[in-house]
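Chain and residue survey
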Amino acid sequence: MMPVLPKLTYRDHKEKWKNCQLCTLCKRRRRVVLGKGKLPADVLFVGEAPGASEDVVGQPFVGPAGHLLDRLVAGASNGMDLRFAYTNLIACIPKDESGDKVGEPEDKWIHACTDRLEEFLELARPKLLVCVGKLPAKWIPKKFGHAHFDSIIEVMHPAAILRAEVSVRSLLMQRAMVTLADAFSEIKV
């Protein structure tokens, strides 16, 4: 008879990955940015990578883009009793050798972080996975299919909304909120 393995907890997950050195990003980060929220989650938001605020605090979506995402989620959920969790494709801020933040995370960094992300997906077991931005929307379905969640959507990254011209920001925010509200209404709690 096979022994029953203990169920993984978020505490175990944090302990396992808090000093990760699977790629070169470990040399330039302040903190490993794992995940936050209520686990298991009804909705899991997956972004690209931590930014400067996240690198300091050690949690995803805590900077200006995270604050906008919070506003979008609050407006879209409209009082629904849903459990939300947040993470990124990679857990370390992507910086080059000189310490400057680079744009989109490189494939090698995403691949190095795949086991960590899959473990978080198992902990979260979301009904809905929200890809925050184009890179997660391109990468997650290809790597994981629907193995850990029932449905998947993409929303424009709040950082991209904040970078947009002032004249279109309101429209982009409304579009993201409607997309989220429609997806949230389909969740069977």
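Thresholds, definitions, all that
- Residues numbered from 1 in each chain as written.
- Predicted model: local features only at pLDDT ≥ 70, side-chain atom pairs only at ≥ 80, totals over all residues.
- Heavy atoms only, no water.
- Core = buried A, V, L, I, M, F, W, Y, C linked by side-chain atoms within 4.5 Å.
- Buried < 20%, exposed > 50% of the residue type's maximum accessible area, 1.4 Å probe, protein only.
- Helix = DSSP H or I, 4+ residues; strand = E, 2+ residues; numbered from the N terminus.
- Contact = heavy atoms within 4.5 Å.
- Pairing = 2+ DSSP bridges.
- Axes fitted to C-alpha atoms, helices over the stretch in contact; angles between N-to-C directions.

One finds L44, L89, I90, L117, L129, W139 and I140 to be the most contacted residues of the largest nonpolar core, which totals 28 residues. Of all the elements in the fold, those that place two or more residues in this core are β2 (43-47), α4 (107-112), α5 (114-124), β4 (128-132) and α6 (134-144). For L44, the contacting residues outside a window of four places in its chain are A85, Y86, T87, F120, L121, A124, P126, L128, L129 and V130. Counting 25 residues, the second largest nonpolar core, distinct from the first, contains L69, V73, F84 and L180.

To continue, consider the sheet that holds strand β1 (residues 35-37). Overall, mixed pairing links the five strands, which are arranged β1-β3-β2-β4-β5 in an open sheet. One side of each edge strand has no neighbouring strand; the edge strands of this open sheet are β1 and β5 (151-155). Neighbour-to-neighbour, the strand axes of this sheet turn through a mean angle of 20°, independent of strand direction. Bridge count for β2 against β4 is four bridges, and the pairing is parallel. By the bridge assignment for β4, L44 is matched with L129. Running at roughly 175° to strand β3 (residues 84-88), α5 makes contact with β1, β2, β3 and β4 of the sheet.

Purely geometric stuff here, so don't read any function into it on its own.
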